[in-house]
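Chain and residue survey
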Amino acid sequence: MIVRVGCSCGFCPEWTMMELQGHIEMSDAALMESSLAMGRLCVSQTEGKLSLFVGIHQLEGTKQKLKKPLVVIEPKLSNESRRRYEVVAIVREKLVFDAWPKPLVKRPTFKRAQVA
């Protein structure tokens, strides 16, 4: 079977894939949102290391190029009875967080009592 894939814009944005160990738990309400913030991603410019902060957890990772790029496609309606897919984006690299998250624990801060 031949499946036609096309890109109408001529330029498709590049996306980055994220690979995690474990799983992310979200509420049903969060899944319904169109844009969902998962955490804060920090990139070390000198070492090229990544840190992802999700709630009270920190994940360390690296950026890797994919051996073969992936294409993100979505089905489109066509006038004919043929299947047609539109290219949404191209994925050429991934962020790999291969270790389990580290819990972040802050030391409590106490105010010093003044002695009279």
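Quick summary incoming for the structure in this document. Quick caveat: nothing in here was measured; it's all calculated off a predicted structure.

Some words on the pattern of salt bridges
Under the criterion given, the structure shown has three salt bridges. A salt bridge links R92 to E14; the nearest nitrogen and oxygen atoms lie 2.9 Å apart. Placement of the pair is R92 in strand 6 (residues 84-97) and E14 in strand 2 (residues 14-20), with a sequence separation of 78 residues. A salt bridge links E19 to K94; the shortest N-O distance between them is 3.0 Å. Of the two residues, E19 sits in strand 2 while K94 sits in strand 6, which places them 75 residues apart along the sequence.

Focus: the packing of aromatic side chains
Under the definition given, this model contains zero aromatic pairs. The positively charged end of R40 is found above the aromatic ring belonging to F53, 4.7 Å away from the centroid.

About the thresholds
- Residues numbered from 1 in each chain as written.
- Predicted model: local features only at pLDDT ≥ 70, side-chain atom pairs only at ≥ 80, totals over all residues.
- Heavy atoms only, no water.
- Salt bridge = Lys/Arg side-chain N within 4 Å of Asp/Glu carboxyl O.
- Helix = DSSP H or I, 4+ residues; strand = E, 2+ residues; numbered from the N terminus.
- Phe/Tyr/Trp six-rings, centres within 6.5 Å; stacked < 30°, edge-to-face > 60°.
- Lys NZ or Arg CZ within 6 Å of the ring centre and 35° of its normal.

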